[in-house]
Amino acid sequence: MSEAAAPPDAGPRRLVRFYLLDHRTTLGKVIDIGLLALNLLFVAVFVATTYPIEPELRATLESVDLVVALVFLVEYVLRLYGAESRVAEATDPYSVADLLAILPSLLVVVLPAVAAVELAFLRVVRVVRVLRFYRFTRDAEFFFGTISEEALRAVKLLLTVLVLLFLSAGLFYSVEHGVNPAVSNFGDAFYYTVVTLSTVGFGDVLPVTEAGRWVTVISILAAIVLIPRQASRIVREWTTDKVDVTCPQCGLSYHDPDASHCKACGHVIYQEQDARE
């Protein structure tokens, strides 16, 4: 994959938009890798703070959490600044997830009283920061190269499973921690989530609150709906004998390997063919 170049004579907004979306230039790759590393750190700090740790270490982790949140705030503002349509960018699901992920950390600075009294809804909102990882799967091009559409769907399926487990565990921890002696940290909640969603159900950890029961029910329903849906699309890709070609006239995708015209509207479609076949 050859390295791309920034558009010539591009204004500041266009340059910002280019480098935030680019995966080929050196700066674009550095931004991608940096944001991915900060995402991992952001999630790791949340998990670490659910365990009993020394006050000094907790204070350090909270400082790291704030610094990362400020970096993501700068990224969020730059995305709005460089967007062709700022309204569309602000209402984009990825942008909404970005804002929700950094909101709890920023509220602690804006409202110092929150630092002394940790509100339950802030603990709940913190778990959505894992949704930021979906931004890296918007297309098949990454900082290390381009992957196939089939591989991208497999990555999205794996990410969906991990995000579902993390969100379910984080929400369960937020509502059960402090009232359920069996849920003292994120690891306990994650164990319960995996055992429950895999239908093993040992019964050694049970929800004791109404909210915990609802989190369990919603998590199971989400797993039933989301995972088979994405998995079935991957299976269809791997088992179909159709070619992924989209008709430019009517938009119909997937045609027979030897089709020269769209079977829906009759428009001429182009497919690469090997004359030796």
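Structure: above.
Residues numbered from 1 in each chain as written. Predicted model: local features only at pLDDT ≥ 70, side-chain atom pairs only at ≥ 80, totals over all residues. Heavy atoms only, no water.

Undergrad: Can you explain the side chain of Ser95? Please cite residues and give values.
TA: Residue placement: Ser95 occurs in helix H5 (residues 93-110). In this structure Ser95 comes out as buried when scored by relative accessible area, which is 2%. Excluding residues within four positions of it along the chain, Ser95 makes contact with Tyr76, Glu89, Ala90 and Arg135. (Helix = DSSP H or I, 4+ residues; strand = E, 2+ residues; numbered from the N terminus. Buried < 20%, exposed > 50% of the residue type's maximum accessible area, 1.4 Å probe, protein only. Contact = heavy atoms within 4.5 Å.)

Undergrad: Pulling in residues and values, what's your account of the environment of Gly187?
TA: The residue Gly187 is located in helix H9 (residues 186-197) in this model. Between the C-alpha atoms of Gly187 and Ala169, which are 18 residues apart in sequence, the distance is 8.3 Å.

Undergrad: I'd love a proper account of the environment of Phe186, names of residues and values included.
TA: Within the secondary structure layout, Phe186 lies in helix H9. Sequence separation between Phe186 and Leu171 is 15 residues; the distance between their C-alpha atoms is 9.8 Å. If near-sequence neighbours (up to four positions away) are discounted, Phe186 is found in contact with Phe46, Val47, Thr50, Tyr51, Phe166, Ala169, Gly170 and Tyr173.

Undergrad: Any chance you could break down helix H2 (residues 26-48) for me, citing the residues and the numbers?
TA: Helix length check: H2 (23 residues) gives 33 Å between terminal C-alpha atoms against 33 Å at 1.5 Å per residue, within 8%. Buried residues of H2: Gly28, Asp32, Leu35, Asn39, Phe42, Val43, Val45, Phe46 and Val47, and no others. (Expected span 1.5 Å × (residues − 1).)

Undergrad: Describe the pattern of salt bridges, with residues and values.
TA: Inspection of every chain in the model, using the stated rule, returns three salt bridges. The shortest N-O distance in the salt bridge between Arg17 and Glu84 comes to 3.9 Å. Pair noted here: Arg17 is in helix H1 (residues 12-21) and Glu84 is in the loop between helix H3 (55-82) and helix H4 (86-91), with a separation of 67 residues, a long-range link. Taking the relative accessible area as the measure of exposure, Arg17 reaches 21% and is therefore partly exposed. Note that Glu210 and Arg213 form a salt bridge whose closest N and O atoms lie 3.6 Å from each other. Here Arg213 and Glu210 lie together in helix H10 (residues 210-239), a separation of three residues that amounts to about one turn. On the basis of relative accessible area, Glu210 is assigned to the exposed category, the value being 51%. (Salt bridge = Lys/Arg side-chain N within 4 Å of Asp/Glu carboxyl O.)

Undergrad: A description of the packing of aromatic side chains should follow, citing residues and the corresponding values.
TA: For any two aromatic rings, the description comes down to two numbers: the centre-to-centre distance and the angle of the planes. Enumeration over the complete set of coordinates arrives at seven aromatic pairs. Consider the rings of Phe18 and Tyr19, whose centres lie 5.0 Å apart with planes at 80 degrees: the pair is edge-to-face. The exposure class assigned to Tyr19 is partly exposed, which follows from its relative accessible area of 22%. Taken together through their ring pairs, the aromatic side chains of Phe46, Phe166, Phe186 and Phe190 make up a single cluster. (Phe/Tyr/Trp six-rings, centres within 6.5 Å; stacked < 30°, edge-to-face > 60°.)

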